[in-house]
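Examining the three-dimensional arrangement
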Amino acid sequence: MKEETRATLTDSLTQFVDPYIGTSFHGHVFMGANVPFGAVQLGPTNITEGWDWCSGYHYSDSTIVGFAHTHLSGTGIGDLGDIAVMPTTGPVKVMEGSVKNPEKGFVSLFSHRDERVKPGYYAVKLKRYNIQAELTASERVGFHQYTFPASEEAHIVVDLQSGIGWDQPTETFIEQLNDSTLAGYRFSKGWAADQRIYFAAVFSKPIQNFKSYQLLDSLGNTAPAYKGNRIKGVVSFTTSNGEKVKLKVGISPVSTQNAVANIRAEIPHWNFDKVVADADAAWNKELQKVSIQTDDPKQLKTFYTALYHTLIAPSIFNDHNGDYLGTDKKVYKNAPFTNLTTFSLWDTYRAAHPLFTILQKERVSDMINSMLAVYKQQGKLPVWHLMGNETNTMVGYSAVPVVADAILKGFDGFDKDLAYEAMKATAMRDDKGLDQVKAKGYIPANITVESVAMGLEYAIDDWCLAQVAKQRGATEDYAYFSKRGRNYENYFDKQTRFMRGRISDQEWRTPFSPFVSRHRNDDFCEGNSWQYTWLVPQDVEGLINLQGGEKQFSQKLDSLFVAQGDMGEEASNDISGLIGQYAHGNEPSHHITYLYSYVGQPWKTADKVRFILSHFYTDKPDGIIGNEDVGQMSAWYIFSSLGFYPVNPANGAYVFGSPAVKEATLNLADGKKLVIKAPNNSPENKYIQKVTLNGKPYTKSYILHKDLMQGGELVFEMGNTPGATWGVAQKDRPRSVTR
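Remarks on the overall build of the chain
Along the backbone of the chain there are 17 helices and 39 strands. For 739 residues, the compact-globule estimate of 2.2 N^0.38 gives 27 Å, and the chain sits close to it at 26 Å. Of all 739 residues assigned to the chain, the portion counted as buried reaches 67%. Taking as baseline every contact in the chain between residues at least 6 positions apart, the subset at least 24 positions apart corresponds to 69%. Carbon and sulfur atoms form 49% of the exposed surface of the chain, whose accessible area is close to 25,500 Å².

Structural data, given as structure tokens:
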């Protein structure tokens, strides 16, 4: 009998977070020091090696070329890496260098044995220089502490050229303000086409010498300059052995003056250990919103690291005084909300944002207000917003389900009329195939790639918009968008029983294989027809009917998890975590395991959910089966471990699966607590036999958000064989319309 392990409210839950999880394989997670939703993600950047370095760091690497103040976590495109700082000794170098020719630059090797990592703190020894680097952060300030050896040639290089992935500098600037302060900016282009970040850097040690250079070529030739597209600033001084040099770097989307003010507001002192402790406390405050009990210590680490990953973004994109840079490149002063960025909405509308409505109630209005500000500035809600830029990445207008969900769950703090206007305006545009949606009800496959993926996502978004129209009494809008919410029917081929691209009312695209995936060159987006055929979370009943009824639906769903076929050489790297053709490493599959409950077979959901929880999430560096996707992969794990999942992103319901923890306490807003118990839960006892809510029998295989948020006690009785009656009856099954 294993001894039970409980994480209680008095514990330091950061001890269970392992930031290495997801830094290997295709996880793409951020490694470094930050605070929840902070503007600063201060961490090491490796020499970029390709797709698996989208965050700037991959576990397989052993190089460091700087500690940058912005990083992405779990994206499929690399960007940011702004304002990189590199401590060095010896002759001044201003190039990164390479593994083959490190002497040409300042790159240093490191070993994981010499790293120490925890939420809000990162430390490593730079082997080349024998410098101990330590990092911590507040919301808008990165705090560095470097322990130097004795040297008459000690330097701190401020590298304004280097970025991650697609990022390229367009204009960079640095100047010395006084004997201890530098300031400047870095403008760049990449995934975010027009990115602007200002900074101020304050040193604990007087600057003995400062020079700035423009790098002229790949040979390392330079010219003195303070402005250019590849500016490097070098601070030099003499150090004694073991001397600590500290550096506070404030960042701002608005001005160097605001960057200075951010430092004064957030870290007005030089107590590095205090900032580490404050960061730890900030993380604990968020992690303690969920206290779990389990008999597996590894599960504690996996669970709390997943929760940690859901708290990195969306990230703050304003100054301490409320100023921020809009999408229209205008400065908005003293905004009445916290402006946010890094909205990976195609991923996060599915589970991460629903999780925020439970655990981050006080932040939801900031997220919605940020989206509404984007709407006012660019004429549509954000698609994939990054640092004041619309990247238009991925298909659909996936802000609509998030805004709709907030409205339908009764959140306040934002303008509901403006929100409805923004959703409608976004849905009624003519770009990205929407003119065809309005005219034909589908997007012809011969006019654009990803037509099926695009159309299915639009149908989800439109259904969500229709529910808001219904709540508002907008009868005509409700009828119109409800009809558009059924447009998924137009992509379903009754002969093959798959979603597929169509050319016209009479013609399907040929040849057709449900297995083949041609990334950015077919009718799907990072997937194939086997995966996309199930992308109707808004109307599962309608999908069941398309498949010919419950029996055929269930059989087809069974087939998904065993089907074997070649996806082809052009398939996306995002298609990972395969069970047959089910791909857990990519978001369109995330709701699928829960569909069995809609046909009265909840035990099949339990089987699949438990397999995924135990095989595709581990406590190792490669412990996330695919790209973490800015919290979505982790949100799936959190929900599923607790025993339920939001199949429909905006109907206010969660479908039960198979709780994987013995007990969990959710500390909700207004002082309420929801206690979830599954006392006889085990790897074998994975099937729900019956449920009670506040001591009363609960026969439904789903639960409503409004009931969860009342708090109370939800108890699952588990068994090692499928329950004979629980969740089977038609009246107890999940349904798409709950209001």
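Structural notes on the sheet that holds strand β17 (residues 227-228)
Judged by pairing direction, the sheet is antiparallel, and its nine strands sit side by side in the order β7-β8-β9-β10-β19-β14-β13-β12-β17 without closing on themselves. Looking along the sheet, the strands with just one partner apiece sit at the ends: β7 (116-118) and β17. One ladder, built from eight bridges, connects strand β10 (residues 141-148) with strand β19 (residues 243-252); its direction is antiparallel. Considered in β19, the bridge of Tyr 146 is made with Val 245. Contacting β7, β8 (121-126), β9 (131-137), β10 and β19, helix α2 (residues 272-287) runs over the sheet at an angle of about 50 degrees to β9.

A word on the packing of aromatic side chains
Counting across every chain of the model gives 41 aromatic pairs. By the ring-pair criterion, three or more aromatic residues cluster together here, those being Phe 16, Phe 303, Tyr 304, Tyr 594, Tyr 617, Trp 636, Tyr 637, Phe 639, Phe 644, Tyr 645 and Tyr 654. Over the ring of Tyr 442 we find Arg 502; its NZ or CZ atom is 5.3 Å from the centre of that ring. Geometry around Phe 561 places Lys 608 over its ring, the cationic atom sitting 4.9 Å from the centre.

A look at the packing of helix α15 (residues 602-615) against helix α16 (residues 632-642)
Relative placement of two packed helices is described by the angle separating their axes and the distance separating the axes. Orientation of α15 relative to α16, taken along the N-to-C sense of each, is 125 degrees, at an axis distance of 11 Å. Judged by the inter-axis angle, α15 sits oblique to α16. As for how α15 packs across α16, the hand of that crossing is left-handed. Along its contact with α15, which presents Val 609, Ile 612 and Leu 613, the element α16 presents Trp 636, Tyr 637, Ser 640 and Ser 641.

Observations concerning the sheet that holds strand β25 (residues 343-344)
One open sheet holds the three strands; their spatial order is β25-β26-β27, and the pairing between them is antiparallel. In this open sheet, the two edge strands, each paired with only one partner strand, are β25 and β27 (389-390). Both strand β26 (residues 384-386) and β27 contribute to a ladder of two bridges, which runs antiparallel. When the sheet's bridge partners are listed, His 385 is paired in β27 with Glu 390.

Focus: unusual backbone geometry
In this model, Ala 313 is joined to Pro 314 through a cis peptide bond whose omega is 0 degrees. In this fold, Pro 314 is placed in the loop between α3 (297-309) and β21 (315-316). The omega torsion across Thr 510 and Pro 511 is -5 degrees, close enough to zero to call that bond cis. Topologically, Pro 511 is positioned in the loop between β29 (498-499) and α12 (529-532). For Glu 450, which is not glycine, the phi torsion reads 60 degrees and is therefore positive. The exposure class assigned to Glu 450 is buried, which follows from its relative accessible area of 13%.

Regarding the pairing of strand β5 (residues 84-89)
Counting buried positions over the six residues of β5 gives six, a clear majority of the element. Of the two faces of β5, the one holding Ala 84, Met 86 and Thr 88 and the one holding Val 85, Pro 87 and Thr 89 are both buried throughout. The pairing of β5 with strand β11 (residues 151-159) spans six bridges and is antiparallel. Its bridge partner being in β11, Met 86 is matched across the sheet by Val 157.

Considerations on the pairing of β10
In terms of residue burial, β10 counts as a mostly covered element, since eight of its eight residues are buried. Side chains Val 141, Phe 143, Gln 145 and Thr 147 of β10 all project onto a buried face; the interleaved residues Gly 142, His 144, Tyr 146 and Phe 148 project onto the opposite face, where all are buried too.

Concerning the side chain of His 705
Turning to its location among the elements, His 705 is positioned in helix α17 (residues 705-708). Accessibility expressed as a relative area gives 7% for His 705, which makes it buried. Apart from the residues within four sequence positions on either side, His 705 is in contact with Thr 357, Ile 358, Lys 409, Gly 652 and Tyr 654.

Some remarks on the nonpolar core
In this structure, Phe 67, Tyr 304, Leu 381, Met 423 and Leu 666 are the most contacted members of the largest nonpolar core, which totals 210 residues. A total of 12 residues in this core trace back to one element, the largest contributor, which is helix α10 (residues 451-472). Excluding its chain neighbours within four sequence positions, the residues that come into contact with Leu 381 are Met 371, Leu 372, Val 374, Tyr 375, Glu 390, Ala 399, Val 400, Val 403, Ala 422, Met 423 and Thr 426. Counting residues in hydrophobic clusters, the runner-up holds 13 residues, among them Phe 143, Ala 200, Val 202 and Val 275.

Some words on α2
With 16 residues, α2 should reach 22 Å at 1.5 Å per residue; the first-to-last C-alpha distance of 23 Å fits that figure. Among the residues of α2, those classed as buried are Phe 272, Val 275, Val 276, Ala 279, Asp 280, Trp 283, Asn 284, Glu 286 and Leu 287. Two or three places before Asp 273, at the opening of α2, Asn 271 has a side-chain oxygen 3.3 Å from that residue's backbone nitrogen.

Some thoughts on the pattern of salt bridges
Taken as a whole and judged by the stated rule, the model has 32 salt bridges. With its nearest N and O atoms 2.9 Å apart, the salt bridge here joins Arg 509 to Asp 523. Separated by 14 residues along the polypeptide, Arg 509 in the loop between β29 and α12 and Asp 523 in the loop between β29 and α12 bring together distant segments of the chain. What makes Arg 509 partly exposed here is its relative accessible area of 29%.

A word on the environment of Asp 566
Inspection of the secondary structure puts Asp 566 in the loop between α14 (550-560) and β30 (578-579). Relative accessible area serves as the criterion here: at 62%, Asp 566 is assigned to the exposed category. Remark: the alpha-carbon pair of Asp 566 and Trp 191, spanning 375 residues in sequence, is separated by 31 Å. Apart from the residues lying within four places of it in its own chain, the contact partners of Asp 566 are Phe 515 and Val 516. Here the side chain of Asp 566 touches Gly 568 through a polar contact of 2.8 Å, landing on its backbone nitrogen.

What about the packing of helix α5 (residues 352-359) against helix α6 (residues 361-378)?
Across the interface, α5 lies against α6 with an axial gap of 6 Å and an inter-helix angle of 135 degrees. On the basis of their axis angle, the class for α5 and α6 is oblique. Within the contact between the two elements, α5 uses His 353, Phe 356, Thr 357 and Leu 359 and α6 uses Lys 361, Glu 362, Val 364, Met 367 and Met 371. For the contact of α5 with α6, the residue count by class is five nonpolar, two polar and two charged.

Considerations on empty space enclosed by the protein
In this structure the tally under the stated criterion is 10 cavities of 30 Å³ or more. There is about 210 Å³ of room inside the largest cavity. The set of elements that each furnish at least two residues to the lining of the largest cavity consists of β14 (195-203), β19 and β21. Taken together, the residues that form the lining of the largest cavity break down as 12 nonpolar, 10 polar and three charged. Along its surface, the second largest cavity is lined by Lys 380, Val 383, Gly 396, Tyr 397, Thr 426, Arg 429, Asp 431, Lys 432, Leu 434 and Tyr 458. Class assignment for the residues of the lining of the second largest cavity results in four nonpolar, two polar and four charged.

What counts, and at which threshold
Residues numbered from 1 in each chain as written. Predicted model: local features only at pLDDT ≥ 70, side-chain atom pairs only at ≥ 80, totals over all residues. Heavy atoms only, no water. Helix = DSSP H or I, 4+ residues; strand = E, 2+ residues; numbered from the N terminus. Rg over C-alpha atoms; globule rule 2.2 N^0.38 Å. Buried < 20%, exposed > 50% of the residue type's maximum accessible area, 1.4 Å probe, protein only. Contact = heavy atoms within 4.5 Å. Areas by Shrake-Rupley, 256 points an atom, 1.4 Å probe, with all protein chains shown as cover. Pairing = 2+ DSSP bridges. Axes fitted to C-alpha atoms, helices over the stretch in contact; angles between N-to-C directions. Phe/Tyr/Trp six-rings, centres within 6.5 Å; stacked < 30°, edge-to-face > 60°. Lys NZ or Arg CZ within 6 Å of the ring centre and 35° of its normal. Parallel < 35°, antiparallel > 145°, perpendicular 65-115°, else oblique. Left-handed = near helix turned anticlockwise from the far one by under 90°. Core = buried A, V, L, I, M, F, W, Y, C linked by side-chain atoms within 4.5 Å. Expected span 1.5 Å × (residues − 1). Polar contact = N/O pair within 3.5 Å; in protein donor to acceptor, adjacent residues only side chain to side chain. Salt bridge = Lys/Arg side-chain N within 4 Å of Asp/Glu carboxyl O. Nonpolar A, V, L, I, M, F, W, Y, C, P; charged D, E, K, R; others polar. 1 Å grid on protein atoms, 1.4 Å probe; cavity = no way out; pocket = protein on both sides within 12 Å on 5 of 7 lines; lining within 4 Å. Points joined across faces, edges and corners; volume = space filled by probe spheres on them.

Don't take any of this as a statement about function, it's just geometry.
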